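Now for the letters of each chain:
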Amino acid sequence: MTSFLPAPGEPLPHYVSTAPFDPYSVEAMTDEQVRVNQASQLRLMWWKFRRHRLALVSGIFLAVLYLSILVSEFLAPYNLHTRNMDYIYAPPQAVHLFHEGEFVGPFVYGRTMTLDMDTLKRNYADDTKDVQRLRFFCRGDSYRFWGLFDSNVHLVCPAEGGQAFFLGTDRLGRDVLSRIIYGARISLTIGLLGITVSFVLGIVIGGLAGYHGGVFDLIVQRVIEVLQSIPSIPLWLSLAAIMPATWSPILIYLAITIILGLLDWTGLARAVRSKLLALREEDYVLAAQLMGAKSSRIIGRHLVPGFMSHLIATATISIPGMILGETALSFLGLGLRPPITSWGILLTEAKSVSVIAFYPWLLFPTIPVILVILAFNFLGDGLRDAADPYK
């Protein structure tokens with residue numbers, strides 16, 4: 001019987017395969033398994049976020065909304081300050097497609113106004129004989145686009161010599177829809193700028209407190225507790241009162257942004273501190289310290305990226321608070337002032353109960369506020385779930 005074992009004292013034979021190494025040759029996997037195993041962390045997060053339909057729709061809605069503020073002048077049917085004195089407190093006009101059984105295209109009916117001498121209320125009635133076709137990509141009210149150049153091109157315009165108030169008018173005959181579109185630019189951007197201020201303060205102060213600890217951490221925690229114990233409205237009142245009435249609208253806008261950021265950083269600072277207290281004991285932090293890395297580099301390059309997904313989810317939840325804060329300040333008369341227009345300023349038109357009873361369309365600015373708040377909350381839920389794609 002032939003033996004394949006080597007003779008005593010001889011080395012065992014060693015064979016090296018020259019074929020290319022395939023790590024998946026041992027266990028056969030399907031194409032879907034290969035795609036998942038080779039996907040990056042960011043791609044896995046996107047796949048999980050995409051399965052959250054409500055968050056995906058909310059993200060698309062917010063993206064479209066923020067892109068629209070770049071061309072507010074073009075989207076608005078009227079200029080922000082255009083007054084139609086013949087149509088004060090005019091109710092919304094319905095858009096029709098058919099007139100007497102025939103397709104005409106998008107149009108509105110003309111209006112006739114009568115004054116009730118008993119209540120002094122203006123009553124508007126549609127004139128079904130006056131068909132006013134809407135124009136698209138047309139020339140209408142003049143405006144200065146972003147303060148750079150003059151133009152008069154709009155997405156939609158009323159008929160020549162006609163009027164089209166899709167959401168009605170206010171006490172000065174100004175189109176409510178146009179003012180909502182213009183107000184979105186302020187109300188939406190103030191949330192982004194405010195969260196930027198809040199994030200800078202929260203990450204820097206919370207990061208230093210969590211990384212170094214000691215006396216600095218003790219002082220920061222006491223300051224945060226004092227700030228969080230102060231009621232919001234009195235604090236808003238005091239901060240808004242220090243702004244001089246002679247300031248320009250731009251300075252007031254920046255001051256409101258800073259105020260909102262100063263009030264919101266405490267919660268984020270505590271979250272960052274708690275994360276860094278746990279992460280600073282990791283081996284890679286010790287290795288960076290032994291290599292001579294500075295605290296700012298360790299925090300910024302090694303610790304903060306470890307929970308960046310948590311910060312993103314926190315931002316999507318904090319931005320609605322900023323928007324509500326600006327709306328509340330402007331509604332109370334403590335925030336932005338005309339000629340700047342925001343959703344909060346528009347809501348000041350509906351302070352009176354009689355106005356709400358007779359002209360309920362002045363409450364339409366609450367609709368975009370509610371939709372944006374809900375969209376940010378749904379988006380935050382989706383991002384929080386996608387932050388850990390392995391769950």
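Here, the structure is the one placed above.
Residues numbered from 1 in each chain as written. Predicted model: local features only at pLDDT ≥ 70, side-chain atom pairs only at ≥ 80, totals over all residues. Heavy atoms only, no water.

1. Regarding helix 10 (residues 295-303)
Two residues of an α-helix separated by three or four positions point the same way, owing to the 3.6 residues in each turn. All of the buried residues in helix 10 are Ile298, Ile299 and Leu303. Looking straight down helix 10, one finds that the buried residues subtend no more than 95 degrees of arc, so they occupy a single side. Counted as exposed and oriented over 90 degrees from the buried face of helix 10: Ser296 and Arg301. Packed against the buried residues of helix 10 are helix 5 (176-212), helix 8 (249-279) and helix 9 (283-290). (Buried < 20%, exposed > 50% of the residue type's maximum accessible area, 1.4 Å probe, protein only. Helix = DSSP H or I, 4+ residues; strand = E, 2+ residues; numbered from the N terminus. Arc of directions from axis to C-beta. Contact = heavy atoms within 4.5 Å.)

2. Concerning a nonpolar patch on the surface
Together, Leu67, Leu70, Val71, Trp146, Leu148 and Phe149 line one region of the surface with nonpolar side chains, adding up to about 600 Å² of accessible area. Along the chain, Leu148 falls in the loop between strand 4 (135-145) and strand 5 (149-157). (Patch = residues over 30% accessible without salt bridge, like charges linked within 9 Å, V, L, I, M, F, W, Y side chains within 5 Å. Areas by Shrake-Rupley, 256 points an atom, 1.4 Å probe, with all protein chains shown as cover. Salt bridge = Lys/Arg side-chain N within 4 Å of Asp/Glu carboxyl O.)

3. Re the nonpolar core
Residues Leu188, Ile256, Leu336, Trp343 and Leu362 are the most contacted members of the largest nonpolar core, which totals 57 residues. When contributions to this core are tallied by element, the ones reaching two or more residues are helix 3 (53-68), helix 5, helix 8, helix 9, helix 10, helix 11 (308-331), helix 12 (343-347) and helix 14 (366-386). Setting aside its immediate chain neighbours within four residues, Leu362 contacts Tyr89, Thr169, Asp170, Val176, Leu346, Glu349, Ala350 and Val355. Listed in part, the 6 residues of the second largest apolar core include Ala76, Leu80, Phe145 and Ile181. (Core = buried A, V, L, I, M, F, W, Y, C linked by side-chain atoms within 4.5 Å.)

4. Here we look at the side chain of Thr82
Its location among the elements puts Thr82 in the loop between helix 4 (72-75) and strand 1 (96-99). On the basis of relative accessibility, which here comes to 19%, the residue Thr82 falls in the buried class. Within the structure, Thr82 has its side chain in polar contact with the side chain of Asp141 (distance 2.9 Å). (Polar contact = N/O pair within 3.5 Å; in protein donor to acceptor, adjacent residues only side chain to side chain.)

5. What to know about the packing of aromatic side chains
The final tally for this structure, using the stated rule, is 12 aromatic pairs. Ring plane angle 85 degrees and centroid distance 5.2 Å describe the contact between Phe107 and Tyr109, whose orientation is recorded as edge-to-face. For the pair shown, Phe107 and Tyr109 are each scored as buried. Among the aromatic residues, ring-to-ring pairing joins Tyr78, Tyr87, Tyr124 and Phe165 into one connected group. Geometry around Trp146 places Arg185 over its ring, the cationic atom sitting 4.1 Å from the centre. (Phe/Tyr/Trp six-rings, centres within 6.5 Å; stacked < 30°, edge-to-face > 60°. Lys NZ or Arg CZ within 6 Å of the ring centre and 35° of its normal.)

6. Quick notes on the layout of surface pockets
By volume, the largest pocket amounts to about 490 Å³. Considering the residues around the largest pocket, the lining is formed by 18 residues, among which Leu80, Tyr182, Arg185, Ile186 and Ile340 are closest to the centre. Residue contributions to the lining of the largest pocket peak at 4 residues, all from helix 5. When the residues that make up the lining of the largest pocket are grouped by side-chain class, the tally is 10 nonpolar, 5 polar and 3 charged. One number sums up the size of the second largest pocket: a volume of about 300 Å³. Around the second largest pocket, the lining comprises 16 residues; the ones closest to its centre are Leu65, Ile180, Ile181, Ala184 and Pro368. Only helix 3, helix 4, helix 5 and helix 14 provide two or more residues apiece to the lining of the second largest pocket. Counting residues per element, the lining of the second largest pocket draws most heavily on helix 5, at 4 residues. Partitioned by chemical class, the residues of the lining of the second largest pocket number 14 nonpolar, 2 polar and no charged. (1 Å grid on protein atoms, 1.4 Å probe; cavity = no way out; pocket = protein on both sides within 12 Å on 5 of 7 lines; lining within 4 Å. Points joined across faces, edges and corners; volume = space filled by probe spheres on them. Nonpolar A, V, L, I, M, F, W, Y, C, P; charged D, E, K, R; others polar.)

7. Some remarks on the environment of Met85
Examined against the element boundaries, Met85 turns out to sit in the loop between helix 4 and strand 1. What makes Met85 partly exposed here is its relative accessible area of 47%.

8. A closer look at empty space enclosed by the protein
All chains considered together, the criterion is met by 1 cavity of 30 Å³ or more. A volume near 70 Å³ is recorded for the largest cavity. Together, Asp170, Val176, Arg179, Leu346, Glu349, Leu362 and Pro365 line the largest cavity. Within the lining of the largest cavity, the residues separate by chemical class into 4 nonpolar, no polar and 3 charged.

9. Quick notes on the side chain of Ser342
With respect to the helices and strands, the residue Ser342 is situated in the loop between helix 11 and helix 12. Exposure remark for Ser342: the relative accessible area of 0% places this residue in the buried category. Not counting residues within four places of it along the chain, the set of residues in contact with Ser342 comprises Gly183, Ile186, Ser187, Glu326, Ser330 and Leu336.

10. Observations concerning the sheet that holds strand 2 (residues 102-116)
An order of 1-2-3 is seen for the 3 strands of this open sheet, with the pairing classed as antiparallel. Of all the strands in the sheet, the pair left with one neighbour each is strand 1 and strand 3 (121-133). Geometrically, the sheet is characterised by an average inter-axis angle of 55 degrees between neighbouring strands, direction not taken into account. Bridge analysis of strand 1 against strand 2 gives 3 bridges, and the strand direction is antiparallel. (Pairing = 2+ DSSP bridges. Axes fitted to C-alpha atoms, helices over the stretch in contact; angles between N-to-C directions.)

11. A closer look at the pattern of salt bridges
A full pass over the atoms with the stated rule returns 9 salt bridges. For Asp126, the salt bridge is made with Arg111, and the minimal N-O distance between the two is 3.3 Å. Of this pair, Asp126 sits in strand 3 while Arg111 sits in strand 2; the two residues are 15 residues apart in sequence, bridging distant segments of the chain. Under the relative-accessibility criterion, Arg111 is labelled buried at 15%. Here Arg179 and Asp170 are joined by a salt bridge, their closest N and O atoms 3.9 Å apart. Side by side, Arg179 and Asp170 carry an identical accessibility label, which is buried. Among the ionic contacts, a cluster of salt bridges with common partners joins Asp170, Arg174 and Arg179.

Without other data, these values stay purely geometric and don't point to any function.
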